[in-house]
Each structure stands twice: as C-alpha cells, then as structure tokens.
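# Structural characterization, general
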Amino acid sequence: MSSSLFEEVQNTPSIDIPVRRVTINVNGEPRTADIEPRLLLADLLRQGLKLTGTHKGCDTTNCGACTVLFNGRPIKSCTMLAVQADGHEVQTVEGLATPSELHPIQEGFKQEHGLQCGFCTPGMMMAAKALLERNNNPTEDEVRWALAGNLCRCTGYQNIVKAVLWAAEKMRAESK
Amino acid sequence: MYPSRFAYESPKTLEEAIAILDAANGDAKILAGGQSLVPMLKLRFAFPEKIVDINNIPGLNHITFDADGTLHIGALVRHEELEFSAEIAKKQPTIAAAAPLVADPIVRTRGTFVGSVCHADPQGDWAAAMIALGGHIVIQGPKGKRTVEMKDFVLGPYTNALNYNEIAIEAVIPAPQGAAKGGYLKLERRVGDFATASVAVALDMDGAKVLRAGIALAGVGGKTIDANDAASFLVGKDLTEANINEVADLVAAKAEPKSDHRGSSDYKRQIVRTFVKRILSANATQKAA
C-alpha cells in the first residue's frame, strides 16, 4: 500500500528564527553545522555530531556528566548554547585516546576501577584533564575539590580520586 | 530540555549591544556566563524573544586595581578568574575567600561575577560580598554611563535596577581605608547547593583598629541581608573577643532565616553568629602576626 494513514503537517514557527551556520573545532577538526540558536552544545555534540561520549545526566547544570573542554577549560555543555561555540575549540571524551593508546586518565580509571556504571565517567575525565593541565601534581584534596561539580550516583568517588592521582603520576613520569 | 525559540545576536561592541537591547524594547535578555540564564531558559522560567550574547565584546574581562586600590571587575570576569588571581588573593580577602565557594568548579569557569550580581538571586554569594564591601555597579545605556550603589541595585528577588536597554559593564569596589581585611564563609550541604547560611565580612583596618566594617548575609532571608549597620559597631574599635562576640550577636539578630530542610531558623542564626566570630577572629590573629 502506497497511501499513508498519516501525513505530517509542517507547523510554521510563530517567530521566524534564522538558522545560524557555525564552525566549531571539535577534537581538533573543524565541524560546520546549521543550527537554531536555542540548540544546546551537548545536543549538537550528541545528536548533531553523533559524539555520544558526552552524556546528559541531569540537564540542569548539577551533575557534570556533560562536561567538555571549551578552549581548554571545563564547561557543562548542557548549559551553553551551541551557537556560542562558533569559532572556538571543544574537546570531548572522544578526543582523549588515540587509535592505539588510551589517555593516561582513561588508563587510570581502568587501573583503579574508577567507574561502575560509567555514566559520569566522561565528565569526570574531562574535569580531571582540566585539573591536570593546570596542576600536574595535585593533592587528594585538590582532586576532590576539582571534581566537586561532577556527581557519581554509584558514589564511587574513592576510586575516581585514586584514578586521577594514578593518571597524574603517570603523566608526570611521561613528561620527564 | 529545550529553551523556547529566540533570536540570537552576538554584537562586537557595547554600543551595538545597547542598540539591539533598545530596539528589542524589553524583549531581549543579556547572555554573559549563562550559568543562571541558560537553566532558566531551559526550564522556561525565561522566554525572551532575543538573546544578546556579550561574550564577543572586547574590554569587559578586566580585573584591575587603580593606584589607590579601587578594584574594577569587568562584566565578563568569570568566577574562576577571581579564584585564581594572585592579585585578588593578595589585595581583596573577601572576594578571594568567596570565589572558591561560588557554585561548583565547572560552573565557575563560565559564570561571571557581574552576571551573578545582576541575576539578583537572594542566595547569591557575590551580592553579599558586594554589600559588605560597599561596592557599586557601572551601567551603560543609550544615554551614557551611570553608577548605582549595590544596596540600591537589587530591587527584589531576581530583579535589578537595570533598564531594558542598559548593560552592567563593571562592578567597582572602593579603595580600602588602610589595610583590606575580611573573609567569606558559607555552609552548604554539598558543593553547588544553595547556602544554608553565608557570611561576607569586609574590614578596613589601621593596625589593630577597625576603620570600616561591612557585613552581609546570604541564605538567611528572602533577600541578601545588609548587616552593615550592625557591623559599624566595630568602627574605631579593636577586634577583641568581647567586641567580636558583641557584633556577632548584633549581626545574628539581623538574619531572617526560615526553618526548612537545610535546618531550623535557630540553627541558621547560630551558624551566622559562629561564622562572624570565625572570620573576625582570623583577622584579629592575622594583624598580630
């Protein structure tokens, strides 16, 4: 049967919003998209660019699962408009590993059992990366404060902290 | 969650931004750090027709001290820039103490000092710090600049003194008379929660003697509590234990806490009393050293 029982009707938006063309450097590659200004960066990454490593947990700026690096600093990508990233650099969890090697932070999470369900892990790792770029030898206390914007509902915080300290040590050794 | 539809503008100059706001006739919102506005857009508490993103306007991200010690904080200064500023750590103890306690570390990379003040959340840390410090806000509009004292800037919860065609371009903290001392303490159930109680203390000291004292409270009332009258008890006095206890009682009496899941009203008042004592005692010890 070729005729359909259902035909979608296109609603015209009440106000005419021009689509914006943005080019964002994502994990080292320029990505161009036409987007509505209300699109959130987390949704552009996940749905638009299919980079589903960035997770949306709470969608209310609390949990930090959507943390990505914006020009090198960690941000909650559910709380930034994608259009604001135009011309800027974004790094997601997909940008951590090379095809052959895990990033020391990823290795740390593996070695120290830094994840249980893994939902918070991408955000934790990006927050940890931002910390280690500023401070390559953090104390346990400094790690805890730096990750205070990221929630783990498995409450596996002990091992997450250990994982970051493990990574810090490895990265210091590698940079020698 | 999606915000409702809006048009987006990213002007490159203040003049351009003000012209856009003026033309929008009250239907536009200014976007700086977005850490309050974007959640409000998503929850559809706010549904402006137009967003005016000021992040691409140069000249708004300065933290500068004039020769006399007056501090200027531009509209795009993020919380973490204050947290990591060596100059702030050295010269402005109230702001240095509050900065690491604002929201959480990820939010602090984006959210701005001036934006937080404009948001006028009664729980806001910076509003309390600004009132204790006797700061003011510099506002630019179509007719030029004007200045509004912090105590007059917030008209009520989430309501500030800006006209629809004006932008708060910087916060100014006056030069201290003598040495700038002070501190900030906040009790929260966990990082990022609303404060159970917070206390901002700003002192100008000449040796052991207090020349000016400002104290403000957040989390213990429907608005930021201005306890500067109570704090003025310290003016001309030393930070002795008796004086500290006296002013702590006077300030605690100013709090208007409500009992809720964060604690009873008596408990919150006691936290205020304790925090005032702790900050003042720490400053009394510092000057002896």
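Every value quoted in this text rests on a predicted model; they were computed, and no experiment measured them. (Residues numbered from 1 in each chain as written. Chains lettered and ligands numbered in written order. Predicted model: local features only at pLDDT ≥ 70, side-chain atom pairs only at ≥ 80, totals over all residues.)

Time to look at the overall build of chain B. Helix and strand content of chain B: 11 helices and 14 strands. Against the globule reference of 19 Å for 289 residues, chain B gives a C-alpha radius of gyration of 19 Å, in line with a compact fold. If you line up chain B on its principal axes, its C-alpha atoms span 60 × 45 × 30 Å. Expressed as a percentage of its 289 residues, the buried residues of chain B come to 49%. Contacts in chain B between residues at least 24 apart in sequence constitute 64% of all its contacts with a sequence separation of at least 6. (Helix = DSSP H or I, 4+ residues; strand = E, 2+ residues; numbered from the N terminus. Rg over C-alpha atoms; globule rule 2.2 N^0.38 Å. Buried ≥ 20, exposed ≤ 12 C-beta atoms within 10 Å, placed from the backbone. Contact = placed C-beta atoms within 7 Å.)

Moving on, we get to the domain arrangement of chain A. All names here are of chain A. Its domain assignment divides chain A into domain 1 (20–95) and domain 2 (104–175). With centres defined by C-alpha atoms, the gap from domain 1 to domain 2 works out at 21 Å. Counting residues at the interface gives 16 residues for domain 1, matched by 13 residues for domain 2. Only strand S3 (67–70) and strand S4 (73–76) provide two or more residues apiece to the side of domain 1 that touches domain 2. Ranked by residues supplied to the side of domain 1 that touches domain 2, first place goes to S3 with three residues. (Domains from an automatic or database assignment.)

The interface is formed by 25 residues belonging to chain A together with 23 residues belonging to chain B. Elements that contribute at least two residues to the side of chain A that touches chain B include exactly S4 and helix H4 (140–146) of chain A. Per element, the largest residue contribution to the side of chain A that touches chain B is four residues, and it comes from S4(A).

With that settled, the discussion passes to the pairing of strand S7 (residues 144–149) of chain B. Residue and element names in this part refer to chain B. Counted residue by residue, S7 has zero buried out of six residues, so it is predominantly exposed. As paired elements, strand S6 (residues 136–141) and S7 share six bridges and run antiparallel to each other. Within the sheet, the bridge partner assigned to His-136 lies in S7 and is Glu-149. Hairpin connection, S6 to S7: the antiparallel pair is bridged by two residues. (Pairing = 2+ DSSP bridges.)

All names here are of chain B. By the element assignment, Pro-157 lies in the loop between strand S8 (154–156) and strand S9 (159–160). With 12 C-beta atoms counted inside 10 Å, the residue Pro-157 sits in the exposed group. Considered as a pair, Pro-157 and Gly-222 are 65 residues apart in the sequence and their alpha carbons are 7.5 Å apart. Leave out the neighbours within four places in its chain, and Pro-157 touches Ala-120, Pro-122, Gly-222 and Lys-223.

Attention now moves to the nonpolar core. Counting 142 residues, the largest nonpolar core has Ile54(B), Val199(B), Ala200(B), Ile215(B), Val272(B) and Val276(B) as its most contacted members. The residues contacting Val272(B), other than those within four sequence positions of it, are Ala197(B), Val199(B), Leu217(B), Val220(B), Val251(B), Ala252(B) and Ala255(B). (Core = buried A, V, L, I, M, F, W, Y, C linked by C-beta atoms within 7 Å.)

Residue and element names in this part refer to chain B. Entries for chain B in the domain assignment read domain 1 (7–53), domain 2 (63–173) and domain 3 (179–288). Placing a centre on the C-alpha atoms of domain 2 and another on those of domain 3 gives a separation of 20 Å. Listed as interface residues are 23 residues of domain 2 and, on the opposing side, 26 residues of domain 3. At the level of secondary structure, the elements contributing two or more residues to the side of domain 2 that touches domain 3 comprise helix H5 (93–98) and helix H7 (125–133). Of the residues assigned to the side of domain 2 that touches domain 3, the class counts are 14 nonpolar, five polar and four charged. (Nonpolar A, V, L, I, M, F, W, Y, C, P; charged D, E, K, R; others polar.)

Bringing the environment of Leu41(B) into the picture now. Residues and elements named next belong to chain B. Along the chain, Leu-41 falls in helix H2 (residues 37–42). For Leu-41, a count of 25 C-beta atoms within 10 Å corresponds to the buried category. Distance from Leu-41 to Pro-58, taken between C-alpha atoms, is 25 Å for residues 17 residues apart in sequence. When neighbours within four sequence positions are excluded, Leu-41 is seen to be in contact with Pro-3 and Ala-46.

Residues and elements named next belong to chain B. If you trace the four strands from one edge of the open sheet to the other, you get S11-S12-S13-S14, paired in antiparallel fashion. The two strands at the open ends of the sheet, each matched to only one other strand, are strand S11 (179–187) and strand S14 (225–226). Of the strand pairs in this sheet, S11 and strand S12 (residues 197–206) are connected by nine bridges, and their pairing is antiparallel. Across the sheet, Lys-181 pairs through a bridge with Leu-203, a residue of S12. Together, S11, S12, strand S13 (209–218) and S14 form the strand contacts of H7, whose direction differs from that of S13 by roughly 155 degrees. (Axes fitted to C-alpha atoms, helices over the stretch in contact; angles between N-to-C directions.)

Before going further, it helps to spend a moment on unusual backbone geometry. What is expected of a backbone is that most residues other than glycine have negative phi and most peptide bonds are trans. Residue and element names in this part refer to chain A. With a phi close to 50 degrees, Asn-27 is a non-glycine residue in the positive phi region. Along the chain, the position of Asn-27 falls in the loop between strand S1 (20–26) and strand S2 (29–35). Here the phi dihedral of Thr-155 falls at roughly 55 degrees; this positive angle occurs in a residue that is not glycine. Here Thr-155 is to be found in the loop between H4 and helix H5 (157–175).

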